[in-house]
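Each chain is listed here by its residues.
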Amino acid sequence: MKFLYTFLLIIISYSSISPSEPTETLYVNKEYTLKALPFEENTDLITVVYPGDQVEVIQLEENLAATNPNHAYLAKVRFNQKIGYIPYHFLQAKLPKNIPKIRKRAYVEPKKYYVTASSLYVREEPYRYSGILTSIYRDDEVTVSQFSDTDDYIDGKSAKWAYVEKDSIGGWVFSGYLTDIRESTEVYTPETPDSLTVGKSKFTIASNLHVRDEPSKFGTVVSIMPHGNPVKIIDTTNTIESMNGFQSKWVKIDDGDSKGWVFGAFLYDTKISKKLNDSLDKPFLYPLSPDPGDSRITSPFGPRVDPVTKKKGTVHTGIDLYPYARFGSPIYAAGDGVVIHQSSNTSFGNLTVVQHDNGLVTYYAHQQKFLVKQNEAIRAGDKIGEVGSTGKSTGPHLHFEVRTGMWKQYLDPGHYIPLPGVDE
Ligand SMILES: [Zn+2]
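Each chain has its residues counted from 1, running along the sequence as written. With the structure being a predicted model, the display of local features is reserved for residues of pLDDT at least 70 and the display and counting of side-chain atom pairs for 80 or more, all residues being used for whole-chain, interface and lining totals. Remark: hydrogens and water are excluded; side-chain values derive from all non-hydrogen atoms of the structure.

**Some details on the overall build of the protein chain**
Piece 1. Helix and strand assignments come from DSSP, with helices taken as H or I runs of at least 4 residues and strands as E runs of at least 2, each series counted from the N terminus. Scanning the protein chain for helices and strands turns up one helix and 36 strands.
Piece 2. Accessibility here uses a 1.4 Å probe with only protein chains present; expressed as a share of the type maximum, an area under 20% marks a residue as buried, one over 50% as exposed, and anything in between as partly exposed. Burial status across the protein chain gives 46% buried among its 424 residues.
Piece 3. It only takes one pair of heavy atoms within 4.5 Å for two residues to be counted as in contact. Residue pairs at least 24 apart in sequence account for 59% of intrachain contacts in the protein chain once pairs closer than 6 positions are excluded.
Piece 4. Accessible surface area values rest on a Shrake-Rupley calculation with a 1.4 Å probe, where residue burial reflects the displayed protein chains alone. With the model as given, the accessible surface of the protein chain reaches about 21800 Å², and the carbon-plus-sulfur share is 52%.

In structure tokens:
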């Protein structure tokens, strides 16, 4: 018995000091924050790695949440004595070219950087909810004179805040949206409101432009236009408004197919590759009948008591919408996109997952009937299924989720769709 015990101890200690597979050293090709656990929900972050950093791969694990076959593996890696997980396709054998040199540094020489976000607020203090001084835009050149001491975690990136100067205004921006390599040489100056007159031809430059029935961000979305769509101006308002960091006015446009109002900052004289993000109000449509009298929210996003298991302290990863017409009520796509996943399981029941151009993914669960197929391209407002009570459900409802990023982190859908009784 004592012999067996000693023998087991030897095996255990042997396996812990000698990994079963040889390790390999690879270069990181994308800025990423290593995760503590190989799960998509894991927000326990270890450290940031940048393109060109060398990591030692300890082992590979299957990424069970991956919907893209190229993302099938996660690598457990060691970097600066720290261990964490990174998607394997963010690693490569050769040193990547054009490595942005932006790094975590408390103080740096005044140096020029370029904005990678479509628009970025310059704030009074180095934190997210501080007052807004001005906005800077993609490819704008800014001079950074200082970085914050600590990292912040925003939109899946971990980075410091940078003190930037632009046109003699100084303030803080999140440096996760700066690079020291200019990505585009395209020159873009937002149109002045004066250039937006009736009869002019323009192109849409928002990736998912919401066209509304009234000249207001609260107008109902009547159609969604793709980027680069030729349009003609048929009417304008006179008031200059400030929205999304731009100054412009509302413009009524016609593309021969549909007519409606858009904010003028999302139109441009020529067709350019630059894509602005039309984040006015909410980017998605309500996924059931938009008439406020047709449905209600039965369970919001966030912590709750599980309605089936009655377990306390569980997290509701989406919102539940209950249509008064109950079973068979139509479910509408929240935005343009592609059906990337469809399945039937005991928790989500009949589930459709849609990938949108804006990088977000929407989930439609517990359906009675699918009306679209995997890989099908769909438009906002298309009927994609019928409300049911399949899977872990206590009655007919649509469980709707919005997720983001490689790890498909849950977002509060209330920030992305208009809610009945709240936004009307
Ligand atoms: Zn739910």
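**Considerations on the sheet that holds strand S34 (residues 383–387)**
Piece 1. Pairing between two strands requires that DSSP report at least two bridges joining them. Within the open sheet, the three strands sit side by side as S28-S34-S32. Their pairing is antiparallel. The open sheet has two edge strands, strand S28 (330–332) and strand S32 (367–370), and neither has a second partner. Taken over all neighbouring pairs, the strand axes of this sheet differ in orientation by 35 degrees on average, direction set aside.
Piece 2. Sheet analysis places S28 next to S34, joined by three bridges and oriented antiparallel. The axes used here are C-alpha line fits, helices contributing only the stretch in contact, and every angle between their N-to-C directions lies in the interval 0 to 180 degrees.

**Considerations on the coordination of the zinc ion**
Piece 1. Only His-316 (NE2), Asp-320 (OD) and His-399 (ND1) from the protein coordinate the zinc ion, and they sit 1.9 to 2.1 Å from it.
Piece 2. As a rule, N, O and S atoms within 2.8 Å of a metal are its donors, except that Na, K and Ca use 3.2 Å; water is not among the atoms, so sites may look incomplete. Motif for the zinc ion, donor spacing along one chain: H-x3-D-x78-H. Taken as a pair, Asp-320 in strand S27 (residues 319–323) and His-399 in strand S35 (residues 398–404) lie far apart in primary sequence, 79 residues in all.
Piece 3. The exposure class assigned to Asp-320 is buried, which follows from its relative accessible area of 7%.

**Digging into the packing of aromatic side chains**
Piece 1. A pair of Phe, Tyr and Trp rings is counted when the ring centres sit within 6.5 Å of each other, with Trp represented by its six-membered ring. The angle between the planes then sorts it: under 30 degrees is stacked, over 60 is edge-to-face, the rest tilted. In this structure the tally under the stated criterion is ten aromatic pairs.
Piece 2. Each ring, one from Phe-263 and one from Phe-266, has its centre 6.4 Å from the other, and the planes form 65 degrees; the classification is edge-to-face. Just as Phe-263 is buried, Phe-266 falls in that class too.
Piece 3. Three or more aromatic residues joined by ring pairs make a cluster, and in this case those are Trp-161, Phe-174 and Tyr-177.
Piece 4. The ring of Phe-90 is capped by Lys-30, whose NZ or CZ atom sits 5.8 Å from the centre of that ring.
Piece 5. Lying across the ring of Tyr-363, Arg-403 places its NZ or CZ 4.1 Å from the centre. By the criterion adopted, a ring carries a charge over it if an Arg CZ or a Lys NZ lies within 6 Å of its centre and within 35 degrees of its normal.

**Side note on the environment of Lys-369**
Piece 1. Inspection of the secondary structure puts Lys-369 in strand S32.
Piece 2. Separated by 15 residues in the primary sequence, Lys-369 and Ile-384 place their C-alpha atoms 8.9 Å from one another.
Piece 3. With residues near it in sequence (within four places) discarded, Lys-369 still touches Gly-385 and Glu-386.

**What about the nonpolar core?**
Piece 1. Buried residues of nine kinds, namely Ala, Val, Leu, Ile, Met, Phe, Trp, Tyr and Cys, make up a nonpolar core once their side-chain atoms join them within 4.5 Å. Core analysis: the largest hydrophobic core is formed by 23 residues, its most contacted members being Tyr-364, Leu-398 and Phe-400.
Piece 2. For this core, the elements supplying multiple residues, two or more each, are S27, strand S31 (360–365), S34 and S35.
Piece 3. Residue contacts for Leu-398: discarding those within four places in its chain leaves Pro-287, Leu-288, Ile-319, Asp-320, Leu-321, Ile-331, Tyr-364, Ala-365 and Val-387.
Piece 4. Listed in part, the 19 residues of the second largest apolar core include Tyr-113, Val-122, Ala-162 and Trp-172.

**Some remarks on the environment of Ser-135**
Piece 1. Along the chain, Ser-135 falls in strand S10 (residues 132–137).
Piece 2. Taking the C-alpha atoms as reference, Ser-135 lies 9.6 Å from Lys-166; in sequence the two are 31 residues apart.

**Section: unusual backbone geometry**
Piece 1. The phi torsion at Arg-326 lies on the positive side, around 55 degrees, for a residue other than glycine.
Piece 2. Position of Arg-326 relative to the elements: it lies in the loop between S27 and S28.
Piece 3. A positive phi angle, close to 65 degrees, is found at His-366, a residue other than glycine.
Piece 4. Mapped onto the elements, His-366 comes out in the loop between S31 and S32.

**A few points about the pattern of salt bridges**
Pairing of side chains with opposite charge becomes possible as their charged atoms draw close.
Piece 1. Salt bridges are identified by distance alone: a Lys or Arg side-chain nitrogen within 4 Å of an Asp or Glu carboxyl oxygen. Taken as a whole, this structure holds five salt bridges when the rule is applied.
Piece 2. Between Glu-141 and Lys-112 there is a salt bridge; the shortest N-O distance is 3.9 Å. Of the two residues, Glu-141 is situated in strand S11 (residues 141–154) and Lys-112 in strand S8 (residues 107–115); the sequence distance between them amounts to 29 residues.
Piece 3. For Glu-141, a relative accessible area of 32% translates into the label partly exposed.

**Concerning the confidence of the model for the protein chain**
Piece 1. Values of pLDDT, which run from 0 to 100, indicate the predictor's confidence residue by residue. Residue-level pLDDT values for the protein chain average 79, and 80% of them are 70 or greater.
Piece 2. Below a pLDDT of 50 lies the segment residues 1–21, which in the model reaches zero contacts outside its immediate sequence neighbourhood of four places, other chains included.
Piece 3. This model gives residues 103–107 a pLDDT under 50, and the stretch forms 15 contacts once residues within four places in sequence are excluded.

**Here's the deal with the side chain of Thr-352**
Piece 1. Along the chain, the position of Thr-352 falls in strand S30 (residues 349–356).
Piece 2. We classify Thr-352 as buried; its relative accessible area is 0%.
Piece 3. For the purposes of these results, a polar contact is taken to be a pair of N or O atoms within 3.5 Å, where, inside protein, one atom must be able to donate a hydrogen and its partner to accept one; residues adjacent in sequence count only when each atom of the pair is a side-chain atom. Here Gln-342 takes part through its side chain, which lies 3.2 Å from a polar atom of the side chain of Thr-352.
Piece 4. Residue contacts for Thr-352: discarding those within four places in its chain leaves Val-339, His-341, Gln-342, Thr-362, Tyr-363, Tyr-364, Gln-367, Phe-370 and Val-372.

**Some points on the environment of Phe-174**
Piece 1. With respect to the helices and strands, the residue Phe-174 is situated in strand S13 (residues 169–174).
Piece 2. In this structure, the C-alpha to C-alpha distance between Phe-174 and Tyr-127, residues 47 residues apart in sequence, is 8.2 Å.

**Examining the pairing of strand S18 (residues 230–236)**
Piece 1. Pairing geometry for strand S15 (residues 201–204) and S18, over three bridges, is antiparallel. Bridging across to S18, Lys-202 finds its partner in Val-231.
Piece 2. Here S18 runs beside strand S21 (residues 250–254); their pairing, made up of four bridges, is antiparallel. Note on S21: the bridge partner recorded for Ile-233 is Ile-253.

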